[in-house]
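Working through the structure, step by step
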Amino acid sequence: MSDERPFYTPNRPPAPPRQPKPGELLFEFLHGHDRILCELRDDGEVGGVEAQFFRNEVIEIGRRFFPHMSATQKPREMAIAWAEEWRKAIETDRWDSM
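Residues numbered from 1 in each chain as written. Predicted model: local features only at pLDDT ≥ 70, side-chain atom pairs only at ≥ 80, totals over all residues. Heavy atoms only, no water.

**Comments concerning the overall build of the chain**
- If you tally the helices and strands in the chain, you get 2 helices and 4 strands.
- Listing every helix and strand of the chain by position from the N terminus yields β-β-α-β-β-α.
- Against the globule reference of 13 Å for 98 residues, the chain gives a C-alpha radius of gyration of 19 Å, more extended than a compact globule.
- Seen through its C-alpha atoms, the chain measures out along the principal axes to roughly 60 × 40 × 20 Å.
- When the 98 residues of the chain are sorted by exposure, 28% land in the buried category.
- Within the chain, counting contacts between residues at least 6 apart in sequence, those at least 24 apart form 25% of the total.
- Total accessible area on the chain stands at roughly 7,400 Å², and carbon and sulfur atoms take up 54% of it.
- Put simply, the chain has 14 plus and 18 minus side-chain charges, and the middle of one group is 3 Å from the middle of the other. (Helix = DSSP H or I, 4+ residues; strand = E, 2+ residues; numbered from the N terminus. Rg over C-alpha atoms; globule rule 2.2 N^0.38 Å. Buried < 20%, exposed > 50% of the residue type's maximum accessible area, 1.4 Å probe, protein only. Contact = heavy atoms within 4.5 Å. Areas by Shrake-Rupley, 256 points an atom, 1.4 Å probe, with all protein chains shown as cover. Lys, Arg positive; Asp, Glu negative; His and termini not counted. Charge placed at Lys NZ, Arg CZ, Asp CG, Glu CD.)

**Topic: the sheet that holds strand S1 (residues 24-31)**
- Taken in spatial order, the 4 strands line up as S1-S2-S3-S4 in an open sheet, and their pairing is antiparallel. Edge strands, defined here as strands with exactly one partner in the open sheet, are S1 and strand S4 (58-65). On average, adjacent strands in this sheet sit at an angle of 15° to one another, irrespective of strand direction.
- Bridging between strand S3 (residues 49-55) and S4 involves 7 bridges; their strand directions are antiparallel. By the bridge assignment for S4, Phe-53 is matched with Ile-61. (Pairing = 2+ DSSP bridges. Axes fitted to C-alpha atoms, helices over the stretch in contact; angles between N-to-C directions.)

**As for unusual backbone geometry**
- In this structure, Asn-56 is a non-glycine residue whose phi angle is positive, near 55°.
- One non-glycine residue, Glu-57, adopts positive backbone phi at about 65°.
- With a relative accessible area of 48%, Glu-57 lands in the partly exposed category.

**Thoughts on the side chain of Gln-52**
- Examined against the element boundaries, Gln-52 turns out to sit in strand S3.
- For Gln-52, a relative accessible area of 9% corresponds to the buried category.
- Side-chain polar atoms of Gln-52 contact the side chain of Arg-41, separated by 2.6 Å.
- At a separation of 3.3 Å, a polar atom in the side chain of Gln-52 contacts the side chain of Glu-50. (Polar contact = N/O pair within 3.5 Å; in protein donor to acceptor, adjacent residues only side chain to side chain.)

And the structure:
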């Protein structure tokens, strides 16, 4: 039997906070006075790959890609292609209309 107490034990100390896993920086650039970042987060075969856009360190949009979404492309390739399209939209000022 382990020394760990059940989760419902009174006065049990809280679990340590979850530490965020850093994303892989795909690109970053300035657009006007805004700093735009794009990160990829790979959560493996089951979790897929997510591309996330940040404007001044605040997340604006993200999209997750899974293996079943395409027979010809891997999730990472789909995420990078999607991110590049969003980058073009941002650079041509179509960011707020999408």
